[in-house]
Amino acid sequence: MNAPARAIAARRPAGAGGKRRSFVAAATCLGLAAISYDPALGQAPAAPRTASELAWYADGWTAEVIAEIDQSYAGWDVEIGDGDNDGRTDILTSTTPDSRLYLFTLDGEDRSVRLLADQLAGPPPGMALGVRVVDLDGDGRREIIAGTGQEDGTPAMLHLLRADGSRLVSRPLCNLSAYTHGLATADLDGDGVQEIISAFCGGGEVVRYDADPELRDVAARKVLHLSGSGEDAQLADVDNDGRLELLVVSAFREGQARVQIHELDAGGDPEPEPRLVLDGFDGRPCFYASLTVGDIDNDGRNDLIVGWKREQAVNRATLLGYRIAHEAVPVYDFDRETADLDLAYFEKMMIIADADNDGRNELIVTTRGDGGSEGITSERLGHVYRYDVYPEGGTRKELLVDFSEEHVESSWPAVGDVDGDGLNEIILATGSGDRRLPGRSWLLLLRRP
């Protein structure tokens, strides 16, 4: 066992099981020569070339390095979809500190990478915080939308990359906050063009974007103003009544984290007052909340998953599954006040999907460890977990990936068939260190053969 392997094994939680596997990496190095290092930290460690040098991963899974990137964060968001309208599925990632958009294509032996955009947030440092691939105008060609994080404190921007290669940029006057959280899309008013709803970290604005049918202009207006920081916005039929609801997270305030569920009016705007509010668990107020929606128990109905963090400086997470009807009923305890999930922030880090191709959905959760950017202590765990609901009830937790803290402290996931073989894979974009500085990060593929 080499030194990186010993370090990973030493950090792996007791009972994790499995063994390290060697898998030949197909690594594409993107501009690593431009990386600079602080001499005070000593010589930089040698760059891993295989997945087994980067991480321990669970028995029965294989892993592959897709790319090595000269960014401290290879993807603060990861999207799977046909981003260039060539009929093939792509992987899109949004980076920091240069706020780039990358498009990766894996098609048999044909592997390619394209830099779609650079400095979306302006001169570095800046963040490309979110990316989506969606056919906004219903013409059969997909567009790419991206939201920025402005490290200089100026208002965030929305970028629309049209199918013809042109770009539209919106910086709405109705928003004063610097960080985009959530890019929810749906045709809310029935005009044939999908609208976009985002929440904004800082001031708590929730903004709706309406594009014209030609996608030549976009109007923006504030539809809600949250009491806390806007940490997420999602559109989903969370109560299974056949209609979409808007779910928003108001958080990053001591004891004031809230998940709000708003009904939509005839024009697709959220009602001013939420129909349901989740404001902590077991009567305990919380500092932060994260959410995702999907069918976690495979009964054909959507469930709401919420990750709760009670105190900012105490890295303990509680992960609960809710059934939403007239009220929110907790039905699944996935984790309670665990330290395994590091900072306990899960925005864009929880996915419900059939990641292992067994015909049943599970919950994939990755962890953040960039404590320096939050001004708190982190164990830099670099964990990826799978949670299952048994058919007879009860839940199971499995550690899928334990990254070497020498190279990775955070990762962001996506699940889908990225290589056209008819089976789903897990894509992980890694990050480490100060997000405002250059660094080295990776894009990995994890699969269950």
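Conventions adopted
Residues numbered from 1 in each chain as written. Predicted model: local features only at pLDDT ≥ 70, side-chain atom pairs only at ≥ 80, totals over all residues. Heavy atoms only, no water. Helix = DSSP H or I, 4+ residues; strand = E, 2+ residues; numbered from the N terminus. Buried < 20%, exposed > 50% of the residue type's maximum accessible area, 1.4 Å probe, protein only. Areas by Shrake-Rupley, 256 points an atom, 1.4 Å probe, with all protein chains shown as cover. Phe/Tyr/Trp six-rings, centres within 6.5 Å; stacked < 30°, edge-to-face > 60°. 1 Å grid on protein atoms, 1.4 Å probe; cavity = no way out; pocket = protein on both sides within 12 Å on 5 of 7 lines; lining within 4 Å. Points joined across faces, edges and corners; volume = space filled by probe spheres on them. Nonpolar A, V, L, I, M, F, W, Y, C, P; charged D, E, K, R; others polar. Pairing = 2+ DSSP bridges. Axes fitted to C-alpha atoms, helices over the stretch in contact; angles between N-to-C directions. Core = buried A, V, L, I, M, F, W, Y, C linked by side-chain atoms within 4.5 Å. Salt bridge = Lys/Arg side-chain N within 4 Å of Asp/Glu carboxyl O. pLDDT = per-residue confidence, 0-100. Contact = heavy atoms within 4.5 Å. Polar contact = N/O pair within 3.5 Å; in protein donor to acceptor, adjacent residues only side chain to side chain.

**A closer look at the overall build of the chain**
Then comes step 1: When you go through the chain residue by residue, the secondary structure sums to 3 helices and 30 strands.
Then comes step 2: The buried share of the chain, taken over its 449 residues, is 57%.
Then comes step 3: Working note: accessible area of the chain is about 17,000 Å², and carbon and sulfur atoms make up 47% of it.

**Observations concerning the packing of aromatic side chains**
Then comes step 1: Per the counting criterion, the structure on display carries 11 aromatic pairs.
Then comes step 2: Pairing Trp-76 with Trp-412 gives two aromatic rings, centres 4.6 Å apart and planes at 35 degrees, and the pair type is tilted. Residue Trp-76 is found in strand S4 (residues 73-81), and its partner Trp-412 is found in strand S28 (residues 410-416); the two are separated by 336 residues along the sequence. Across the pair, Trp-412 and Trp-76 agree in class, each one buried.

**A closer look at empty space enclosed by the protein**
Here the idea is plain: a probe the size of a water molecule rolls over the atoms and shows the empty space left.
Then comes step 1: In the structure shown here, the tally under the stated rule is 2 cavities of 30 Å³ or more.
Then comes step 2: Grouping the amino acids of the lining of the largest cavity by side-chain chemistry returns 5 nonpolar, 1 polar and no charged.
Then comes step 3: Looking at the second largest cavity, its volume works out to about 30 Å³.
Then comes step 4: What lines the second largest cavity is Tyr-57, Ala-63, Val-401, Leu-428, Leu-444, Leu-445 and Leu-446.
Then comes step 5: The element contributing the most residues to the lining of the second largest cavity is strand S30 (residues 441-447), with 3 residues.
Then comes step 6: Split by residue class, the lining of the second largest cavity holds 7 nonpolar, no polar and no charged.

**Structural notes on the layout of surface pockets**
Then comes step 1: Its volume calculated, the largest pocket comes out at about 850 Å³.
Then comes step 2: Considering the residues around the largest pocket, the lining is formed by 33 residues, among which Glu-79, Arg-132, Gln-234, Thr-292 and Ile-351 are closest to the centre.
Then comes step 3: Listed by contribution, the elements that provide at least two residues to the lining of the largest pocket are S4, strand S8 (127-134), strand S12 (179-186), strand S16 (229-236), strand S20 (288-294), strand S24 (350-353) and S28.
Then comes step 4: Take the lining of the largest pocket: its biggest share by element is 6 residues, from S12.

**As for the sheet that holds strand S22 (residues 314-324)**
Then comes step 1: The antiparallel open sheet is built from 4 strands, whose spatial order is S20-S21-S22-S23. The open sheet is flanked by S20 and strand S23 (328-338), the only strands paired with a single partner. Direction aside, the axes of adjacent strands within the sheet are offset by 20 degrees on average.
Then comes step 2: Pairing between S22 and S23: 7 bridges, direction antiparallel. In the sheet register, Leu-319 faces S23, and the bridge partner there is Asp-335.

**Focus on the pairing of strand S5 (residues 90-96)**
Then comes step 1: For S5, a buried count of 7 out of 7 residues is recorded, marking the element as mostly surrounded by other parts of the structure.
Then comes step 2: Taking every second residue as pointing to the same face, both faces of S5 are buried, with Asp-90, Leu-92, Ser-94 and Thr-96 on one and Ile-91, Thr-93 and Thr-95 on the other.
Then comes step 3: Strand direction decides the pairing type here: S4 and S5, joined by 6 bridges, are antiparallel. In the strand pairing of S5, Gly-81 is matched with Asp-90.
Then comes step 4: Where S5 and strand S6 (residues 101-107) come together, 5 bridges link them in antiparallel fashion. Across the sheet, Thr-93 pairs through a bridge with Tyr-102, a residue of S6.
Then comes step 5: What sits between S5 and S6 in their antiparallel hairpin is a turn of 4 residues, with Ser-99 showing a positive phi close to 45 degrees.

**Regarding the sheet that holds strand S18 (residues 258-262)**
Then comes step 1: The strand order across the open sheet built from 4 strands is S16-S17-S18-S19, with neighbouring strands paired in antiparallel fashion. Single-partner strands in this sheet number two, and they are S16 and strand S19 (276-278). Sheet twist, expressed as the average angle between the axes of neighbouring strands with direction ignored, equals 20 degrees.
Then comes step 2: Of the strand pairs in this sheet, S16 and strand S17 (residues 245-251) are connected by 7 bridges, and their pairing is antiparallel. Bridge pairing links Ala-236 to Glu-245 in S17.

**Quick word on the nonpolar core**
Most often, soluble globular proteins have nonpolar side chains that are buried together.
Then comes step 1: If you look at the biggest cluster of nonpolar residues, it comprises 64 residues, and the most contacted ones within it are Ile-66, Ile-91, Leu-363, Leu-400, Val-401 and Ile-426.
Then comes step 2: If you look at the next biggest cluster of nonpolar residues, it comprises 26 residues, including Ala-257, Phe-287, Leu-320 and Ile-324.

**Digging into the pattern of salt bridges**
Then comes step 1: Counted according to the given criterion, the structure contains 41 salt bridges.
Then comes step 2: A salt bridge links Arg-141 to Asp-139; its shortest N-O distance comes to 3.5 Å.
Then comes step 3: In this structure, Asp-241 engages Arg-243 in a salt bridge whose closest nitrogen and oxygen atoms are separated by 3.1 Å.
Then comes step 4: The class for Asp-241 is partly exposed, based on a relative accessible area of 32%.
Then comes step 5: One network of salt bridges, with partners in common, ties together Asp-189, Arg-208, Asp-210, Arg-221 and Asp-269.

**Examining the confidence of the model for the chain**
Then comes step 1: In the predicted model, the chain carries a mean pLDDT of 90, and 90% of its residues have values of at least 70.
Then comes step 2: pLDDT under 50 marks residues 1-29. Its contacts with residues more than four places away, or in other chains, come to 65 contacts.
Then comes step 3: Within the model, the stretch residues 31-43 combines pLDDT values under 50 with 12 contacts to residues more than four positions away or in other chains.

**Remarks on the side chain of His-262**
Then comes step 1: Checked against the element boundaries, His-262 lands in strand S18.
Then comes step 2: Among the residues examined, His-262 registers a relative accessible area of 1% and is labelled buried.
Then comes step 3: A distance of 2.9 Å separates the side chain of His-262 from the side chain of Gln-260, its partner in a polar contact.
Then comes step 4: Those residues in contact with His-262 that lie beyond four places of it in its chain are Leu-224, Glu-245, Leu-246, Val-248, Pro-270, Glu-271, Pro-272, Glu-273, Pro-274 and Arg-275.

**Some thoughts on the environment of Glu-195**
Then comes step 1: With respect to the helices and strands, Glu-195 occurs in strand S13 (residues 195-201).
Then comes step 2: The spatial distance from the C-alpha of Glu-195 to the C-alpha of Gly-268 is 9.1 Å, given a sequence separation of 73 residues.
Then comes step 3: Here Glu-195 is in contact with Ala-184, Thr-185, Ala-186, Asp-187, Leu-188, Asp-189, Arg-208, Tyr-209 and Asp-210, once residues within four sequence places are set aside.

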